[in-house]
Amino acid sequence: MVLADLGRKLNAALSSLNRAPVIDDKVLDALLKEVCAALLESDVNVKLVSQLRQKVKAKVKATFESAGDKVKETNRKNVVQKAIFDELVHLVDPGVEPYKPRKGHPNVIMAVGLQGNGKTTTCTKLAVHYQKRGFKSCIVCADTFRAGAFDQTRQSATKAKVAYFGSYTETDPVAIAAQGVAKFKKEKFEVIIVDTSGRHKQESELFEEMVQIGKAVKPDMTVLILDASIGQAAEAQSRAFKETADFGAIIVTKMDGHAKGGGAISAVAATQTPIIFLGTGEHLTDLDRFSPQPFISKLLGLGDMQGLMEHMQDLAIQNPDRQKEMAKKLEEGKLSIRDWREQIQNVMNLGPISKIASMIPGLPQDMLSGSDEEGAARMKRMIYITDSMTSAELDSDGSLFMDFAKDGKPTQLTWRVTRVARGSGTSVREVEELLCQYRMMANMAKQAGGKNGWMQTMQKMQAAAGGRGRGAGGMPTPAQIQAMQRAMPPGMLQQMQRQMRSGGGMQEMMKTMMQSQGGDQLDMEEMQRMMSQMGGGLGGLGGLAGLGGGMPNMGDMFKMMGMGGGAGGR
């Protein structure tokens, strides 16, 4: 996404603040100059940028004066970062809640907007989005102005397996809209999306037609589809549509291909109308839910745990029975190669790797740039390898691929590895790597599951602390931390440290694999040192950790992943 450039510039500005030894007016002015320059390059209105600068300075000055000289430099940095974060959120937050469709009721959504803004494509994306969340959705094509509009709706709706209605003979869009909505209401559809003709604020006749369609179908929500490339001009267009159609929400499209996206979002926020989605690509799943705080959090490289949980929840909704079965296995600490393969497929269904990576706090946005195709190809090769395994091998814990000594330690790989490599068209080395990755996941599941696993322990600790963190930014208070420490089983920390040092039984297996290729024995300590260095290089904005809403509630997290909850049980 082009907004990643804006994110990098804002990130660079805040990183320079972390390097500054003393926070004074000179450092603050330099920081605000960089932030404002980045926003202006993204076509944000000059007045809005000027207001942001003034508000940040006033907020920081007031905090420093009230605290006096007692504030430490680290705390002063946090105050500045928090002020900038809050004002960036305010810049894109209209402060209005959009309409939310209700299940069991017909929810009529009418899409309006300029020609060529992507209304027809967005209507199909919207129908797919609600269909994934358990709504019975459909599309009514009331665009009789543009040639081929109904054909486009028919093709995209058929591809998405969404019901649609339209006519090649009827020329009155009002009649088509009324007939379609009446038909789908009778058939008990829950989300009915009406696609209208593209129009401009200077075309009074088309504007009148839009009003008539609105009177005929009585929409619960009118959505304005806006193109990100118009930048600041989005404000004038959205005001004109607001006066005529009185829409309740906005979807900004083509966010993946234009640098003016920031200008469009901030301009729209100035009209006090909520943005509900961002169109980020041409595929039917390229529609991202917009929420001001997670949006800015993701932009600054702080991740979006809420969005990640929603993605996982969507997967759980699509196949709840299988999800419950998988949750039971994880709670028991059991994970077969077949289960792991299913988890790889779930990750592939979540979308592009870079999109998921941007939701993980602390992971640099440019770390996985341009690697979506490579990552997808690697995952596909892993699926090909498991496709060449027998049912017995898939349902095993990987031990069938190893020969073991009398003391239970693996000595060498069996003939099965060569057979799987040949059958899948991959190398023996790739099969070994896959087995190694599987063992790491299986060991994690083993340590997490069971009565004494850390999953149960974490839930018990959180219950002892009284649920969510009550401190700043959702973090636990000192009293809660003490309660969690008391609830921790004796010797648990030492046990975890021992497992980390030993590699949880991985060391022997990895040595065997390296030796089978004629390589040196793998030094686990060296590997751990490399991993710690990688981990240390991720937190570029440690001071902002509490801004994105703090740590997620573990109980909620497990429920969303379909894993039940320790306190709630099943």
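What counts, and where the lines are drawn
Residues numbered from 1 in each chain as written. Predicted model: local features only at pLDDT ≥ 70, side-chain atom pairs only at ≥ 80, totals over all residues. Heavy atoms only, no water. UniProt positions renumbered as here; feature names shortened; annotations may be inferred. Core = buried A, V, L, I, M, F, W, Y, C linked by side-chain atoms within 4.5 Å. Buried < 20%, exposed > 50% of the residue type's maximum accessible area, 1.4 Å probe, protein only. Domains from an automatic or database assignment. Salt bridge = Lys/Arg side-chain N within 4 Å of Asp/Glu carboxyl O. Helix = DSSP H or I, 4+ residues; strand = E, 2+ residues; numbered from the N terminus. Contact = heavy atoms within 4.5 Å. Disulfide = S-S within 2.5 Å.

As recorded in an unreviewed UniProt entry, the protein goes by the name Signal recognition particle 54 kDa protein, listed as coming from Dentipellis fragilis. Quoted verbatim from the Subunit (unreviewed entry) field of UniProt, the annotation for the protein is "Fungal signal recognition particle consists of a 7S RNA molecule (scR1) and at least six protein subunits: srp72, srp68, srp54, sec65, srp21 and srp14." Under the UniProt heading Sequence similarities (unreviewed entry), the entry covering the protein gives this text: "Belongs to the GTP-binding SRP family. SRP54 subfamily."

Describing the nonpolar core
Within the largest apolar cluster, 70 residues are counted, with the highest numbers of intra-cluster contacts made by Leu39, Val80, Val194 and Ile296. Structurally, this core is a two-domain feature, drawing no fewer than three residues from each of domain 1 (2-92) and domain 2 (107-308). Tyr130, Phe135, Val162 and Val191 belong to the second-largest nonpolar core, a separate cluster that totals 23 residues.

Let's talk about the pattern of salt bridges
For side chains of opposite charge, pairing can occur when their charged atoms come near one another. Tallied over the full model, the rule gives 16 salt bridges. Here Glu97 ties to Lys100 by a salt bridge, and the two come within 3.9 Å at their closest N and O atoms. There is no split in this pair, since Glu97 and Lys100 are both exposed. Taking the shortest distance from any N to any O, the salt bridge between Glu433 and Arg429 comes out at 3.7 Å. Remark: Arg429 and Glu433 occur in helix α19 (residues 428-448); sequence separation between them is four residues, near one turn of the helix. When salt bridges with common partners are traced through the structure, they connect Glu393, Arg416 and Arg419 into a single cluster.

Describing the side chain of Ser137
If you trace the backbone, Ser137 turns up in strand β2 (residues 137-141). Take Ser137: its relative accessible area is 2%, and that puts it in the buried class. Discounting residues that sit within four places of it in the chain, Ser137 has contacts with Ala127, Gln131, Val162, Ala163, Phe189 and Val191.

Some thoughts on unusual backbone geometry
Here the phi dihedral of Lys161 falls at roughly 60 degrees; this positive angle occurs in a residue that is not glycine. Examined against the element boundaries, Lys161 turns out to sit in the loop between α6 (149-160) and β3 (163-165). For Lys161, a relative accessible area of 73% corresponds to the exposed category. With phi around 65 degrees, Lys188 is a residue other than glycine that occupies positive phi space. By secondary structure assignment, the location of Lys188 is in the loop between α7 (173-186) and β4 (191-195).

As for the environment of His283
On the secondary structure map, His283 appears in the loop between β7 (275-279) and β8 (287-289). With 158 residues separating them along the chain, His283 and Lys125 place their C-alpha atoms 8.2 Å apart.

Concerning the UniProt feature "domain: SRP54-type proteins GTP-binding" (unreviewed entry) in the protein
The sites that carry the UniProt feature "domain: SRP54-type proteins GTP-binding" (unreviewed entry) are, in the present numbering, residues 274-287. Along residues 274-287 one finds 0% helix and 43% strand; the C-alpha atoms at either end are 16 Å apart.

Things to note about the state of the cysteines
Taken as a whole, this structure holds zero disulfides when the rule is applied. Cysteine Cys123 shares no disulfide, and the gap to the nearest cysteine sulfur, in Cys141, comes to 8.8 Å. What makes Cys123 buried here is its relative accessible area of 2%.

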